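These are the residues of each chain, in order.
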Amino acid sequence: MDTRGHRKSDNFEDRGVGRGGVRRGGGLPITLLSGILRRLGLKGSLVLAVLAGGVYMFLPPSAQQMLRAQLTGSGAPTSSSTGRSACDLSAAHRDACDFSRVVLASTEAVWAEKFQLGQLPDYGRSPGSYAEPTLVVFSRAVSTGGCGNADSSMGPFYCPADQRLYIDPDFYKVMASRLKAPGDFAQAYVIAHEVGHHVQNLIGSSRLSVRGETKNQASVRVELQADCLAGVWGRKAQASLRITDEDLAEALTAAHAIGDDALGHTDTRNFSHGSSE
């Protein structure tokens, strides 16, 4: 994958370093999120939460309230900034920010064309022209415009309330070390997946109610479609970014890592992302 010389998106915010980590009371560590998801039968884990941008909307109201309380109440991570730039924390952070902006710009071009040509699945809504999302980079903790406060342990996520994607550049290290999914196209896949959730939000598929569908089945459907939409971008951008078979293998490794079966889940009724296949 070659991003040299390509346009960087201007839909970008550097929120800096969140001050103070978490307040007294604990914040939203991944163990808490996992506990909530297990209570609902989703059997969450760190890897599961990484790309779970579409899960929240399918939780029961009681669980949503619990999650919001943890995000915005006394146990939430602090979100005030120290004034330090997240991108300038290190050379690796600067490279990650530049790379992410190039990938985002590529998704903008692809989806602007798809929306203009009407090459979209029909969910009874006319979304009009493509509304570009904003990518927010942060370190440690961040405050969103409608989805509460969050910390880096949640991984990348999309907030439909403010149409922003959120990512701590350190997550790319997590992909390589914990998820065993290194490579630049694996990183690009993560961004494209979250952009996929944005596209779902615009066309209405993320709020689609299928009769007889359980919340877990709805979660699987939404997550798999976000992957599909990431693939739409990858195919269209293949020539311009010189995406190779090796790059595709990197992305498939990342996708495989969050398969419910790869995480050791055996009951398909409790799947939330679908199988690795």
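See above for the structure.
Residues numbered from 1 in each chain as written. Predicted model: local features only at pLDDT ≥ 70, side-chain atom pairs only at ≥ 80, totals over all residues. Heavy atoms only, no water.

Student: I keep staring at the pattern of salt bridges and nothing clicks. Help me out?
Tutor: Summed over the entire model, instances satisfying the criterion amount to 11 salt bridges. For the salt bridge of D2 with R242, the shortest nitrogen-to-oxygen distance reads 3.6 Å. Of this pair, D2 sits in the segment before β1 (12-17) while R242 sits in the loop between α7 (215-237) and α8 (245-257), placing them 240 residues apart in sequence. Classification of D2 as buried rests on a relative accessible area of 14%. A relative accessible area of 58% places R242 in the exposed class. Three or more residues joined by partner-sharing salt bridges are found here, namely D2, R4 and R242. (Salt bridge = Lys/Arg side-chain N within 4 Å of Asp/Glu carboxyl O. Helix = DSSP H or I, 4+ residues; strand = E, 2+ residues; numbered from the N terminus. Buried < 20%, exposed > 50% of the residue type's maximum accessible area, 1.4 Å probe, protein only.)

Student: So what exactly am I meant to see when it comes to the packing of helix α4 (residues 91-117) against helix α6 (residues 184-203) here?
Tutor: Pairs of packed helices are described in terms of their axes, by the angle between the two and the distance that separates them. Two elements in contact, α4 and α6, have axes whose closest approach is 10 Å; the angle formed by their N-to-C orientations is 40 degrees. One finds that α4 runs oblique with respect to α6. The crossing of α4 and α6 is right-handed. Contact residues: α4 offers F99, S100, V103, L104, T107, W111 and F115, while α6 offers D184, Q187, A188, I191, V195, V199, L202 and I203. (Axes fitted to C-alpha atoms, helices over the stretch in contact; angles between N-to-C directions. Parallel < 35°, antiparallel > 145°, perpendicular 65-115°, else oblique. Left-handed = near helix turned anticlockwise from the far one by under 90°. Contact = heavy atoms within 4.5 Å.)

Student: Could you clarify how one ought to interpret the environment of S153 in this entry?
Tutor: Secondary-structure assignment places S153 in the loop between β4 (149-151) and β5 (157-159). It is 8.9 Å that separates the C-alpha atoms of S153 and F171, two residues lying 18 residues apart in sequence. Within polar-contact distance, the side chain of S153 engages the side chain of D151 at 2.5 Å. (Polar contact = N/O pair within 3.5 Å; in protein donor to acceptor, adjacent residues only side chain to side chain.)

Student: Explanation requested: the side chain of D2 in the structure shown.
Tutor: A polar side-chain atom of D2 sits 3.0 Å from a polar atom in the side chain of R4. What D2 contacts, discounting residues up to four positions off in sequence, is S240, L241 and R242.

Student: Can you walk me through the pairing of strand β2 (residues 134-139) in this structure?
Tutor: Most of β2 sits out of view: six of its six residues are buried. With burial as the criterion, each face of β2 is covered, one bearing T134, V136 and F138 and the other bearing L135, V137 and S139. Relative to β2, β1 is paired through four bridges, and the arrangement is parallel. Bridge assignment links E13 to a residue of β2, and that residue is V136. One ladder, built from four bridges, connects β2 with strand β6 (residues 164-167); its direction is parallel. (Pairing = 2+ DSSP bridges.)

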